[in-house]
Amino acid sequence: MAQKFDYTLDYAQLDLRAQPELYRVGVGEQGVLLVQPYKGELLPHWRFATPQLAQQSSQAIYAMFLAYLEAGDFVGADMARKFLQMGYTRARRYANHKGGKKYAGPVPERQKGGSGAHGRPELPRTEADPQKAEAAAIFKARWDEAAANPEYRKRKAEHRALYG
């Protein structure tokens, strides 16, 4: 079984391009907004407000995904894959919840920085926003393409075998 993403590391001070052995894939989007230098490289390209922006963004991030693979940088490729996944999940959230707020009430202080309901009830879904739903579908297609990439899958298995 793969190790969980390690939230105890000081990601603001780490360069995981130089220390890929510290990176754990984790589950889903874990660490997507922490791991440097990739957050700084990918975040400026991440947009999902409209289908046009989602198309441009997903193309740019997918091109970076391929470039990371070409350079033998699995951590970068995995972070790009996570940004594609996050484009899908965030656009879906905005499609389903006007304003993007999914849960009622504030995040409990001890849970800040983590994802999930943390005991809060989910707000009722609104009528789906077709623009955000289309943006989500665009990101989902690129995310699926990245996750199925044979070179990515090979490098992911190698990384997990070496580092957990």
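This report concerns the structure included in the present document. (Residues numbered from 1 in each chain as written. Predicted model: local features only at pLDDT ≥ 70, side-chain atom pairs only at ≥ 80, totals over all residues. Heavy atoms only, no water.)

### Observations regarding the environment of L14
Step number 1: Along the chain, the position of L14 falls in the segment before α1 (38-42).
Step number 2: Expressed as a C-alpha distance, the spacing of L14 and P37, which sit 23 residues apart in the sequence, is 8.4 Å.
Step number 3: Setting aside chain neighbours within four positions, we find L14 in contact with L9, Q19, L22 and Q36. (Helix = DSSP H or I, 4+ residues; strand = E, 2+ residues; numbered from the N terminus. Contact = heavy atoms within 4.5 Å.)

### Observations regarding the pattern of salt bridges
Step number 1: In the structure shown here, the tally under the stated rule is nine salt bridges.
Step number 2: Note that R90 is salt-bridged to E29, the shortest N-O span being 2.9 Å. Linking R90 in helix α3 (residues 74-96) with E29 in the segment before α1, this pair joins segments that are 61 residues apart in sequence.
Step number 3: Among the residues examined, R90 registers a relative accessible area of 21% and is labelled partly exposed.
Step number 4: The exposure class of E29 is buried, given its relative accessible area of 15%.
Step number 5: Between D78 and R81 there is a salt bridge, with the nearest N and O atoms lying 2.9 Å from each other. (Salt bridge = Lys/Arg side-chain N within 4 Å of Asp/Glu carboxyl O. Buried < 20%, exposed > 50% of the residue type's maximum accessible area, 1.4 Å probe, protein only.)

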